[in-house]
Amino acid sequence: MARRRLIGKVTSNKMTKTVVVEVENSYRHPLYGKVVHHAARFKAHDERGCQKGDRVRIVESRPLSRDKRWVVEAILQKGTQVTPLAPEVAEGSEGTQETEGTGETEGTGGTEGNQGMGGTEGTEGTQGGAA
């Protein structure tokens with residue numbers, strides 16, 4: 001029996017030597033004619049070091065674990081890795097202005113918000129009990 005081969009995108013590589021590959025398939029419904037999108041996720045053995053976002057070809061194999069029945073055969077296209085940029089902070093303006101402004105805003109906003117919420121909740125409780 002021939003081995004099945006599928007092409008999909010790596011959605012997770014957090015496990016050791018295992019990746020999750022999502023294979024998308026679109027077909028037209030035979031009766032209604034609407035295009036149906038279907039996605040299946042397979043756990044595949046990874047000796048090649050795939051990264052999230054890579055486009056890979058997986059091939060069916062013997063059971064390697066409870067969930068793994070596929071092996072990454074080839075990396076067809078590398079995914080783009082986007083790393084978040086750290087905000088730049090100047091050395092001279094680190095502590096004075098930001099700390100004072102934040103402290104004043106939090107103290108004032110927190111007190112007003114608590115009073116307003118408490119008054120509203122008490123009024124609603126009284127009206128609900130009387131009616």
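These numbers come from a predicted model, not from an experiment.

### Describing the pattern of salt bridges
This structure, assessed with the given rule, holds 8 salt bridges. The salt bridge partner of Glu 22 is Arg 41, with a shortest N-O separation of 3.8 Å. Of this pair, Glu 22 sits in strand S2 (residues 18-28) while Arg 41 sits in strand S3 (residues 35-45); the two residues are 19 residues apart in sequence, bridging distant segments of the chain. For Glu 22, a relative accessible area of 21% translates into the label partly exposed. Taking the relative accessible area as the measure of exposure, Arg 41 reaches 55% and is therefore exposed. As a salt-bridge pair, Asp 67 and Lys 43 come within 3.2 Å of each other at their nearest N and O atoms. Taken together, the residues span a long stretch of sequence, with Asp 67 in the loop between strand S4 (55-60) and strand S5 (70-77) and Lys 43 in strand S3 at a distance of 24 residues. On the basis of relative accessibility, which here comes to 30%, the residue Lys 43 falls in the partly exposed class.

### Observations concerning the packing of aromatic side chains
Two aromatic rings are characterised by how far apart their centres lie and by the angle between their planes. Taken as a whole and judged by the stated rule, the model has 1 aromatic pair. Aromatic pair Phe 42 and Trp 70: ring centres 5.0 Å apart, planes at 55 degrees, arrangement tilted. Taken together, the positions of Phe 42 in strand S3 and Trp 70 in strand S5 put the pair 28 residues apart, joining distant regions of the chain. Residue Phe 42 is classed as partly exposed on the basis of its relative accessible area, which comes to 21%. Judged by its relative accessible area of 5%, Trp 70 falls in the buried class.

### Notes on the sheet that holds S5
Here we have 5 strands rolled up into a closed barrel, ordered S1-S2-S3-S5-S4, and mixed in their pairing. Adjacent strand axes in the sheet meet at a mean angle of 45 degrees when their direction is disregarded. Alignment of strand S1 (residues 5-15) against S4, held across 5 bridges, turns out to be antiparallel. Pairing of Arg 5 across the sheet is with Val 59, part of S4.

Conventions we followed
- Residues numbered from 1 in each chain as written.
- Predicted model: local features only at pLDDT ≥ 70, side-chain atom pairs only at ≥ 80, totals over all residues.
- Heavy atoms only, no water.
- Salt bridge = Lys/Arg side-chain N within 4 Å of Asp/Glu carboxyl O.
- Helix = DSSP H or I, 4+ residues; strand = E, 2+ residues; numbered from the N terminus.
- Buried < 20%, exposed > 50% of the residue type's maximum accessible area, 1.4 Å probe, protein only.
- Phe/Tyr/Trp six-rings, centres within 6.5 Å; stacked < 30°, edge-to-face > 60°.
- Pairing = 2+ DSSP bridges.
- Axes fitted to C-alpha atoms, helices over the stretch in contact; angles between N-to-C directions.

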